[in-house]
Amino acid sequence: MGYVWYADVYFLVNFLMNTSALFFAALLCNCRVAARRIVLASAGAAAARIFLLIVLPGWIGQILLVHMVVHPLTVYLAFLPDGWREFLRLMLSVCLLLLVAGGIQESLRMQAGAASETVILFAGVPAMAMFAVWQFRQRRLGRVCVAELWFGGERICVKAYCDSGNLLRHPENGKPVSIVDREVIPPLWLHAAGEPERIFCRTVSDSASCLEVITVDRMDVYLKGTAREIRAPLLGLYSGVLMGNGDIQMLLSAAVC
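Just so it is clear, the structure is predicted and the values come from calculations on it, not from any experiment.

(A) Quick look at the overall build of the chain. Across its full length, the chain carries 7 helices and 9 strands. Out of the 257 residues belonging to the chain, those deemed buried represent 38%. Within the chain, contacts between residues at least 6 apart in sequence are counted, and of these 64% link residues at least 24 apart. Of the roughly 15200 Å² that the chain leaves accessible, carbon and sulfur atoms contribute 63%.

(B) Examining the nonpolar core more closely. Counting residues in each nonpolar core, the largest one holds 25 residues, and the members touching the most others are L22, V75, F79, V94, L97 and M128. Of all the secondary structure elements, the ones that give two or more residues to this core are helix 1 (7-28), helix 2 (35-55), helix 3 (59-79), helix 4 (84-112) and helix 6 (124-142). No other element matches the 8 residues that helix 1 contributes to this core. Apart from the residues within four sequence positions on either side, V75 is in contact with L22, L80, F87, L90, M91 and V94. C145, V216, L252 and V256 belong to the second-largest nonpolar core, a separate cluster that totals 22 residues.

(C) Geometry of a nonpolar patch on the surface. Taken together, the side chains of I60, L64, L65, M68 and V69 make up a nonpolar region of the molecular surface, amounting to roughly 510 Å² of accessible area. Note on placement: M68 falls in helix 3.

(D) Region of the structure containing the packing of helix 1 against helix 3. Direction vectors running N to C along helix 1 and helix 3 enclose 60°, while the axes themselves pass 11 Å from each other. The pairing of helix 1 with helix 3 is recorded here as oblique in orientation. In this structure, helix 1 meets helix 3 at a crossing whose hand is right-handed. Taking contact as the criterion, the partners of L22, A25 and A26 in helix 1 are, on helix 3, T74, V75, A78 and F79. Here the contact of helix 1 with helix 3 is composed, by residue class, of 6 nonpolar, 1 polar and no charged.

(E) Structural detail: the pairing of strand 6 (residues 218-223). Most of strand 6 sits inside the fold, with 5 of its 6 residues counted as buried. As judged from the 5 bridges shared by strand 1 (residues 144-151) and strand 6, these two strands associate in the antiparallel manner. For E148, the partnering residue across the bridge sits in strand 6 and is D220. In terms of strand pairing, strand 6 meets strand 7 (residues 226-231) through 6 bridges, oriented antiparallel. Among the inter-strand pairings, V221 is bridged to a residue of strand 7, identified as R228. The loop that links strand 6 with its antiparallel partner strand 7 comprises 2 residues; one of these, K224, has a positive phi angle of about 55°.

(F) Just the pattern of salt bridges, in detail. On inspection of all chains with the given rule, the structure shows 5 salt bridges. For the salt bridge of R182 with E212, the shortest nitrogen-to-oxygen distance reads 2.6 Å. Taken together, the residues span a long stretch of sequence, with R182 in the loop between strand 3 (177-181) and helix 7 (187-193) and E212 in strand 5 (residues 208-215) at a distance of 30 residues. Exposure remark for R182: the relative accessible area of 24% places this residue in the partly exposed category. A relative accessible area of 15% means that E212 is categorised as buried. Note that R198 is salt-bridged to E212, the shortest N-O span being 2.9 Å. Remark: E212 occurs in strand 5 and R198 occurs in strand 4 (residues 197-202); sequence separation between them is 14 residues. Judged by relative accessible area, which is 54%, R198 ranks as exposed. Put simply, R182, R198 and E212 are held in one network by salt bridges that share partners.

(G) Here's a closer look at helix 3. In this model helix 3 runs 28 Å from its N-terminal to its C-terminal C-alpha over 21 residues, within 8% of the 30 Å that 1.5 Å per residue would give. Taking the largest bend as the criterion, helix 3 deviates by roughly 40°, centred on V66. Every buried residue of helix 3 is listed here: Q62, V66, V70, H71, T74, V75, A78 and F79. L80 lies just past helix 3 and shows a positive phi near 50°.

Calculation notes
- Residues numbered from 1 in each chain as written.
- Predicted model: local features only at pLDDT ≥ 70, side-chain atom pairs only at ≥ 80, totals over all residues.
- Heavy atoms only, no water.
- Helix = DSSP H or I, 4+ residues; strand = E, 2+ residues; numbered from the N terminus.
- Buried < 20%, exposed > 50% of the residue type's maximum accessible area, 1.4 Å probe, protein only.
- Contact = heavy atoms within 4.5 Å.
- Areas by Shrake-Rupley, 256 points an atom, 1.4 Å probe, with all protein chains shown as cover.
- Core = buried A, V, L, I, M, F, W, Y, C linked by side-chain atoms within 4.5 Å.
- Patch = residues over 30% accessible without salt bridge, like charges linked within 9 Å, V, L, I, M, F, W, Y side chains within 5 Å.
- Salt bridge = Lys/Arg side-chain N within 4 Å of Asp/Glu carboxyl O.
- Axes fitted to C-alpha atoms, helices over the stretch in contact; angles between N-to-C directions.
- Parallel < 35°, antiparallel > 145°, perpendicular 65-115°, else oblique.
- Left-handed = near helix turned anticlockwise from the far one by under 90°.
- Nonpolar A, V, L, I, M, F, W, Y, C, P; charged D, E, K, R; others polar.
- Pairing = 2+ DSSP bridges.
- Expected span 1.5 Å × (residues − 1).
- Bend = angle between axes of the 7 residues up to and from the residue.

Put into C-alpha coordinates, the structure is as follows:
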(Lines give C-alpha, C1' and ligand atoms only; values in the text may rest on other atoms or scores of the structure.)
Protein backbone atom coordinates (compact mmCIF):
# COMPACT_ATOMS: atom_id res chain seq x y z
CA MET A 1 0.00 0.00 0.00
CA GLY A 2 1.52 3.31 -1.10
CA TYR A 3 1.55 6.50 0.92
CA VAL A 4 1.17 9.86 -0.84
CA TRP A 5 2.87 12.78 0.94
CA TYR A 6 2.28 16.40 -0.08
CA ALA A 7 5.04 18.70 1.09
CA ASP A 8 3.00 21.89 0.69
CA VAL A 9 0.09 20.60 2.78
CA TYR A 10 2.49 19.23 5.40
CA PHE A 11 4.28 22.58 5.59
CA LEU A 12 1.01 24.55 5.82
CA VAL A 13 -0.43 22.37 8.58
CA ASN A 14 2.76 22.51 10.66
CA PHE A 15 3.11 26.24 10.08
CA LEU A 16 -0.45 26.92 11.28
CA MET A 17 -0.06 24.64 14.28
CA ASN A 18 3.25 26.24 15.29
CA THR A 19 1.94 29.76 14.80
CA SER A 20 -1.21 29.06 16.79
CA ALA A 21 0.71 27.38 19.61
CA LEU A 22 3.20 30.25 19.91
CA PHE A 23 0.49 32.92 19.73
CA PHE A 24 -1.75 31.31 22.36
CA ALA A 25 1.26 30.56 24.58
CA ALA A 26 2.09 34.27 24.52
CA LEU A 27 -1.52 34.98 25.51
CA LEU A 28 -1.49 32.50 28.38
CA CYS A 29 1.90 33.66 29.70
CA ASN A 30 1.10 37.35 29.20
CA CYS A 31 4.24 37.72 27.10
CA ARG A 32 4.82 40.45 24.54
CA VAL A 33 6.28 39.16 21.29
CA ALA A 34 6.64 40.50 17.77
CA ALA A 35 4.34 38.83 15.23
CA ARG A 36 7.13 38.58 12.66
CA ARG A 37 9.24 36.49 15.07
CA ILE A 38 6.36 34.07 15.55
CA VAL A 39 5.85 33.78 11.79
CA LEU A 40 9.55 33.29 11.03
CA ALA A 41 10.08 30.80 13.86
CA SER A 42 6.98 28.82 12.82
CA ALA A 43 8.06 28.72 9.18
CA GLY A 44 11.55 27.59 10.18
CA ALA A 45 10.15 24.83 12.39
CA ALA A 46 7.85 23.59 9.60
CA ALA A 47 10.74 23.58 7.12
CA ALA A 48 12.90 21.70 9.64
CA ARG A 49 10.24 19.01 10.01
CA ILE A 50 10.10 18.53 6.25
CA PHE A 51 13.90 18.30 6.14
CA LEU A 52 13.93 15.67 8.90
CA LEU A 53 11.17 13.74 7.19
CA ILE A 54 13.25 13.55 4.01
CA VAL A 55 16.62 12.86 5.62
CA LEU A 56 15.71 10.48 8.45
CA PRO A 57 13.96 7.26 7.49
CA GLY A 58 12.61 6.33 10.93
CA TRP A 59 9.78 8.10 12.77
CA ILE A 60 11.40 7.67 16.18
CA GLY A 61 14.46 9.72 15.27
CA GLN A 62 12.28 12.40 13.70
CA ILE A 63 10.03 12.71 16.75
CA LEU A 64 12.98 12.87 19.16
CA LEU A 65 14.71 15.61 17.19
CA VAL A 66 11.51 17.58 16.77
CA HIS A 67 10.65 17.59 20.49
CA MET A 68 14.20 17.89 21.81
CA VAL A 69 15.68 20.35 19.31
CA VAL A 70 13.18 21.93 16.91
CA HIS A 71 10.45 22.90 19.40
CA PRO A 72 12.79 24.33 22.09
CA LEU A 73 14.71 26.28 19.45
CA THR A 74 11.46 27.57 17.97
CA VAL A 75 10.24 28.82 21.36
CA TYR A 76 13.58 30.48 22.08
CA LEU A 77 13.78 32.26 18.72
CA ALA A 78 10.15 33.40 18.90
CA PHE A 79 10.19 34.83 22.43
CA LEU A 80 13.87 35.38 23.28
CA PRO A 81 13.16 34.72 27.00
CA ASP A 82 15.23 36.43 29.68
CA GLY A 83 15.93 33.32 31.74
CA TRP A 84 15.34 29.61 32.20
CA ARG A 85 12.16 30.08 34.23
CA GLU A 86 10.48 32.12 31.53
CA PHE A 87 11.70 29.72 28.83
CA LEU A 88 10.36 26.66 30.66
CA ARG A 89 7.02 28.37 31.29
CA LEU A 90 6.65 29.19 27.59
CA MET A 91 7.89 25.77 26.50
CA LEU A 92 5.44 23.94 28.75
CA SER A 93 2.58 26.14 27.52
CA VAL A 94 3.43 25.36 23.89
CA CYS A 95 3.66 21.63 24.62
CA LEU A 96 0.32 21.68 26.45
CA LEU A 97 -1.38 23.45 23.56
CA LEU A 98 0.07 21.02 21.01
CA LEU A 99 -0.99 18.11 23.21
CA VAL A 100 -4.57 19.39 23.35
CA ALA A 101 -4.65 19.93 19.58
CA GLY A 102 -3.20 16.47 18.93
CA GLY A 103 -5.72 14.86 21.23
CA ILE A 104 -8.63 16.52 19.46
CA GLN A 105 -7.24 15.56 16.06
CA GLU A 106 -6.79 11.93 17.09
CA SER A 107 -10.29 11.79 18.55
CA LEU A 108 -11.79 13.16 15.33
CA ARG A 109 -9.68 10.77 13.27
CA MET A 110 -11.03 7.77 15.19
CA GLN A 111 -14.62 8.91 14.66
CA ALA A 112 -14.49 10.24 11.08
CA GLY A 113 -11.82 8.05 9.54
CA ALA A 114 -9.34 9.13 6.91
CA ALA A 115 -11.95 10.63 4.56
CA SER A 116 -11.81 13.98 6.33
CA GLU A 117 -8.07 14.03 7.00
CA THR A 118 -7.58 17.67 5.92
CA VAL A 119 -10.41 18.88 8.14
CA ILE A 120 -9.05 16.83 11.02
CA LEU A 121 -5.58 18.34 10.68
CA PHE A 122 -6.85 21.92 10.64
CA ALA A 123 -9.20 21.22 13.58
CA GLY A 124 -6.22 21.52 15.89
CA VAL A 125 -6.13 25.31 15.51
CA PRO A 126 -9.66 26.04 16.86
CA ALA A 127 -9.06 23.40 19.54
CA MET A 128 -6.02 25.34 20.77
CA ALA A 129 -7.96 28.61 20.55
CA MET A 130 -10.83 27.34 22.70
CA PHE A 131 -8.44 25.83 25.25
CA ALA A 132 -6.38 29.02 25.47
CA VAL A 133 -9.47 31.21 25.92
CA TRP A 134 -10.80 28.87 28.61
CA GLN A 135 -7.47 28.88 30.46
CA PHE A 136 -7.14 32.64 30.17
CA ARG A 137 -10.65 33.14 31.55
CA GLN A 138 -10.05 30.73 34.43
CA ARG A 139 -6.82 32.48 35.40
CA ARG A 140 -8.37 35.91 35.10
CA LEU A 141 -11.35 35.02 37.29
CA GLY A 142 -9.01 33.48 39.86
CA ARG A 143 -7.12 36.77 40.19
CA VAL A 144 -10.11 39.06 40.65
CA CYS A 145 -10.73 40.07 44.24
CA VAL A 146 -12.52 42.68 46.33
CA ALA A 147 -10.69 45.60 47.92
CA GLU A 148 -12.16 47.94 50.52
CA LEU A 149 -10.75 51.46 50.68
CA TRP A 150 -11.15 53.49 53.87
CA PHE A 151 -10.71 57.24 54.27
CA GLY A 152 -12.10 59.51 56.98
CA GLY A 153 -14.36 56.78 58.33
CA GLU A 154 -15.95 56.14 54.94
CA ARG A 155 -15.60 52.96 52.89
CA ILE A 156 -15.87 52.08 49.21
CA CYS A 157 -15.57 48.62 47.61
CA VAL A 158 -13.82 48.12 44.29
CA LYS A 159 -13.18 45.12 42.07
CA ALA A 160 -9.42 44.65 41.99
CA TYR A 161 -7.09 42.48 39.90
CA CYS A 162 -4.13 40.73 41.46
CA ASP A 163 -0.96 39.66 39.65
CA SER A 164 -1.38 42.23 36.89
CA GLY A 165 2.36 42.90 36.68
CA ASN A 166 2.05 46.24 38.47
CA LEU A 167 5.52 46.87 39.93
CA LEU A 168 5.11 50.62 40.42
CA ARG A 169 6.67 52.08 43.56
CA HIS A 170 7.07 55.57 44.94
CA PRO A 171 10.45 56.90 43.76
CA GLU A 172 11.33 58.39 47.17
CA ASN A 173 10.03 56.07 49.90
CA GLY A 174 9.76 52.88 47.81
CA LYS A 175 6.20 52.10 48.90
CA PRO A 176 4.10 50.09 46.41
CA VAL A 177 1.48 51.99 44.42
CA SER A 178 -1.81 50.34 43.44
CA ILE A 179 -3.55 51.90 40.44
CA VAL A 180 -7.24 52.73 40.77
CA ASP A 181 -9.83 54.16 38.42
CA ARG A 182 -10.22 57.83 39.26
CA GLU A 183 -13.99 57.64 38.76
CA VAL A 184 -14.51 55.33 41.78
CA ILE A 185 -12.83 57.73 44.24
CA PRO A 186 -15.41 60.12 45.80
CA PRO A 187 -14.71 63.80 45.10
CA LEU A 188 -14.74 64.51 48.84
CA TRP A 189 -11.82 62.10 49.28
CA LEU A 190 -9.82 63.88 46.61
CA HIS A 191 -10.55 67.24 48.21
CA ALA A 192 -9.66 66.06 51.73
CA ALA A 193 -6.48 64.32 50.58
CA GLY A 194 -5.09 67.62 49.38
CA GLU A 195 -2.84 68.20 46.40
CA PRO A 196 -1.86 64.77 44.98
CA GLU A 197 1.75 63.87 44.33
CA ARG A 198 2.90 63.26 40.78
CA ILE A 199 5.22 60.40 39.94
CA PHE A 200 6.50 59.15 36.62
CA CYS A 201 5.51 55.70 35.46
CA ARG A 202 5.85 53.58 32.35
CA THR A 203 2.86 51.97 30.69
CA VAL A 204 2.63 48.64 28.87
CA SER A 205 3.40 50.41 25.60
CA ASP A 206 6.68 51.67 27.14
CA SER A 207 5.49 55.28 27.04
CA ALA A 208 6.39 57.48 30.00
CA SER A 209 3.54 59.30 31.72
CA CYS A 210 2.77 61.14 34.94
CA LEU A 211 0.45 59.62 37.55
CA GLU A 212 -1.25 61.42 40.43
CA VAL A 213 -0.91 59.59 43.76
CA ILE A 214 -2.92 59.98 46.96
CA THR A 215 -2.76 58.24 50.34
CA VAL A 216 -5.86 56.80 52.03
CA ASP A 217 -6.22 55.51 55.58
CA ARG A 218 -6.49 51.79 54.93
CA MET A 219 -7.05 49.13 52.30
CA ASP A 220 -8.44 45.65 53.00
CA VAL A 221 -7.86 43.06 50.27
CA TYR A 222 -9.95 39.85 50.16
CA LEU A 223 -8.43 37.21 47.89
CA LYS A 224 -9.03 33.44 47.84
CA GLY A 225 -10.47 33.29 51.33
CA THR A 226 -7.80 35.46 52.91
CA ALA A 227 -7.92 39.05 54.12
CA ARG A 228 -4.99 41.46 54.21
CA GLU A 229 -4.92 44.92 55.73
CA ILE A 230 -2.61 47.61 54.36
CA ARG A 231 -2.18 50.81 56.32
CA ALA A 232 -1.76 54.13 54.48
CA PRO A 233 -1.64 52.62 50.98
CA LEU A 234 -0.67 54.71 47.98
CA LEU A 235 -3.22 54.89 45.17
CA GLY A 236 -2.37 56.04 41.66
CA LEU A 237 -5.31 57.78 39.98
CA TYR A 238 -5.82 56.59 36.41
CA SER A 239 -8.35 57.98 33.95
CA GLY A 240 -9.57 55.39 31.48
CA VAL A 241 -10.11 51.64 31.20
CA LEU A 242 -7.62 49.69 33.30
CA MET A 243 -8.11 46.33 31.60
CA GLY A 244 -10.67 44.12 29.90
CA ASN A 245 -14.11 45.56 29.30
CA GLY A 246 -13.86 48.06 32.13
CA ASP A 247 -15.13 45.87 34.98
CA ILE A 248 -11.76 45.99 36.79
CA GLN A 249 -11.45 49.13 38.91
CA MET A 250 -8.03 48.60 40.51
CA LEU A 251 -4.71 46.99 39.65
CA LEU A 252 -3.13 45.88 42.91
CA SER A 253 0.58 46.23 43.37
CA ALA A 254 2.58 43.00 43.11
CA ALA A 255 3.83 43.65 46.64
CA VAL A 256 0.25 43.50 47.95
CA CYS A 257 -0.80 40.22 46.29
